[in-house]
Amino acid sequence: MIKYPKTQTKKKRQRHAASIMQKKDGHCWLCMHFYGDYTIHRTIHKHHVFFGQGLRKISEANGFTVYLCPKHHTDGPDAVHRNKYMNRFVQQAVQVKYEASHTRKEFMDLIGRSYR
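Figured I'd write up the structure that's included with this text. Here the structure is a predicted model, which means the values were calculated and not measured.

Let's talk about the environment of Val 66
Part 1 of the reasoning: In this fold, Val 66 is placed in strand S2 (residues 65-68).
Part 2 of the reasoning: Assessed through its relative accessible area of 0%, Val 66 is described here as buried.
Part 3 of the reasoning: As a C-alpha pair, Val 66 and Ile 44 span 22 residues in sequence and 9.9 Å in three-dimensional space.
Part 4 of the reasoning: Setting aside its immediate chain neighbours within four residues, Val 66 contacts Ser 19, Met 21, Gln 22, Trp 29, His 45, Lys 46, His 47, Val 49 and Val 90.

Side note on the packing of aromatic side chains
Two numbers describe a pair of aromatic rings. These are the distance of the centres and the angle of the planes.
Part 1 of the reasoning: Scanning all chains against the criterion turns up nine aromatic pairs.
Part 2 of the reasoning: Each ring, one from Phe 64 and one from Tyr 98, has its centre 5.2 Å from the other, and the planes form 85 degrees; the classification is edge-to-face. Within this pair, whereas Phe 64 is found in the loop between helix H2 (55-62) and S2, its partner Tyr 98 is found in helix H4 (residues 84-99), the two being separated by 34 residues in sequence.
Part 3 of the reasoning: When the ring of Tyr 98 is compared with that of Phe 107, the centres are 5.9 Å apart and the planes differ by 50 degrees; the resulting orientation is tilted. The residues Tyr 98 and Phe 107 share a single accessibility class, namely buried.
Part 4 of the reasoning: Taken together, the ring pairs connect Phe 50, Phe 64, Tyr 98, Phe 107 and Tyr 115 into an aromatic cluster.

Observations regarding the environment of Met 32
Part 1 of the reasoning: As for its placement among the helices and strands, Met 32 is situated in helix H1 (residues 29-35).
Part 2 of the reasoning: On the basis of relative accessible area, Met 32 is assigned to the buried category, the value being 18%.
Part 3 of the reasoning: Ignoring any residue separated from it by four or fewer positions in sequence, one finds Met 32 in contact with Gln 22, His 27, Asp 37 and Tyr 38.

Details of H4
Part 1 of the reasoning: With 16 residues, H4 should reach 22 Å at 1.5 Å per residue; the first-to-last C-alpha distance of 22 Å fits that figure.
Part 2 of the reasoning: Those residues of H4 that sit buried are Met 86, Asn 87, Val 90, Gln 91, Ala 93, Val 94, Gln 95, Tyr 98 and Glu 99.
Part 3 of the reasoning: Tucked into the core, H4 has its buried residues touching H1, strand S1 (45-48), S2, helix H3 (70-75) and helix H5 (104-111).
Part 4 of the reasoning: Here H4 starts with a cap whose side-chain oxygen sits 3.0 Å from the backbone nitrogen of Tyr 85, and that cap is Asn 83.

So, how was this worked out
Residues numbered from 1 in each chain as written. Predicted model: local features only at pLDDT ≥ 70, side-chain atom pairs only at ≥ 80, totals over all residues. Heavy atoms only, no water. Helix = DSSP H or I, 4+ residues; strand = E, 2+ residues; numbered from the N terminus. Buried < 20%, exposed > 50% of the residue type's maximum accessible area, 1.4 Å probe, protein only. Contact = heavy atoms within 4.5 Å. Phe/Tyr/Trp six-rings, centres within 6.5 Å; stacked < 30°, edge-to-face > 60°. Expected span 1.5 Å × (residues − 1). Polar contact = N/O pair within 3.5 Å; in protein donor to acceptor, adjacent residues only side chain to side chain.

Here you go:
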């Protein structure tokens, strides 16, 4: 007999917005943008463009994500987690795309700074 039984509650499954940059179709966003390479990759990673200090949830909720091959995400010299210039390039591109339909103030209220 259990002295203090656990309550049977489930977490609500969160709905995440689709990426504002691309569809999830197996293409790497950086390969397409820089090299014109539209190869469908077997492995594709979802990269949260703004991360840390609660920004990951904001990125998920607003679609600030891109899909990258492992070489551009974590492994290669041009990977966004290794190369600050590539990371900044992706952040600027997302900001430009968001500001096409919103204001800079709205972006600043979400993220806290401008990358342009």
